[in-house]
Amino acid sequence: MIKFALPALALVVAAPAVAQTQVAPLSFERDGIRYEANVITDDNGTTRITGKELGSGRTFDLKLVNGKVSGRYDHTDVRYDAPTARIN
């Protein structure tokens, strides 16, 4: 599940950096699982994605920096290359 859900998050938020701007909360579904997240991009280009799976309550706290995603998903450390395409 983590393998498929986390790339989707990175695709959704892959956008140009805007100084200390919080993007409105986003909500989406992938493989039958609903997610809610908040996205903040700071002036040095770091994008932070925090949220949870609805239903299970599993949380995630991810950072997207220079095309790399790292952080924690349900108490598990994760690190992978961010996908290059964006989900619409």
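In what follows, the accompanying structure is described. Quick caveat: nothing in here was measured; it's all calculated off a predicted structure.

**Here we look at the pairing of strand S3 (residues 47-53)**
Pairing of strand S2 (residues 33-41) with S3, which is carried by seven bridges, proceeds in the antiparallel orientation. Bridging from a neighbouring strand, Asn38 pairs with Thr50 of S3. Hairpin geometry of S2 and S3 is characterised by an intervening segment of five residues between the two adjacent antiparallel strands and by a positive phi of about 90 degrees at Gly45. The pairing of S3 with strand S4 (residues 59-65) spans six bridges and is antiparallel. From the neighbouring strand, Thr50 faces S4, where its bridge partner is Asp61.

**Some details on unusual backbone geometry**
Note: most peptide bonds trans; most residues except glycine with negative phi. The phi dihedral of Asp31 is positive, around 50 degrees, even though this residue is not glycine. On the secondary structure map, Asp31 appears in the loop between strand S1 (21-30) and S2. Phi angles above zero are rare outside glycine, and Asp74 is one such case at about 50 degrees. Along the chain, the position of Asp74 falls in the loop between strand S5 (68-73) and strand S6 (76-81). When its relative accessible area of 29% is taken as the criterion, Asp74 is described as partly exposed.

What counts as what
- Residues numbered from 1 in each chain as written.
- Predicted model: local features only at pLDDT ≥ 70, side-chain atom pairs only at ≥ 80, totals over all residues.
- Heavy atoms only, no water.
- Pairing = 2+ DSSP bridges.
- Helix = DSSP H or I, 4+ residues; strand = E, 2+ residues; numbered from the N terminus.
- Buried < 20%, exposed > 50% of the residue type's maximum accessible area, 1.4 Å probe, protein only.

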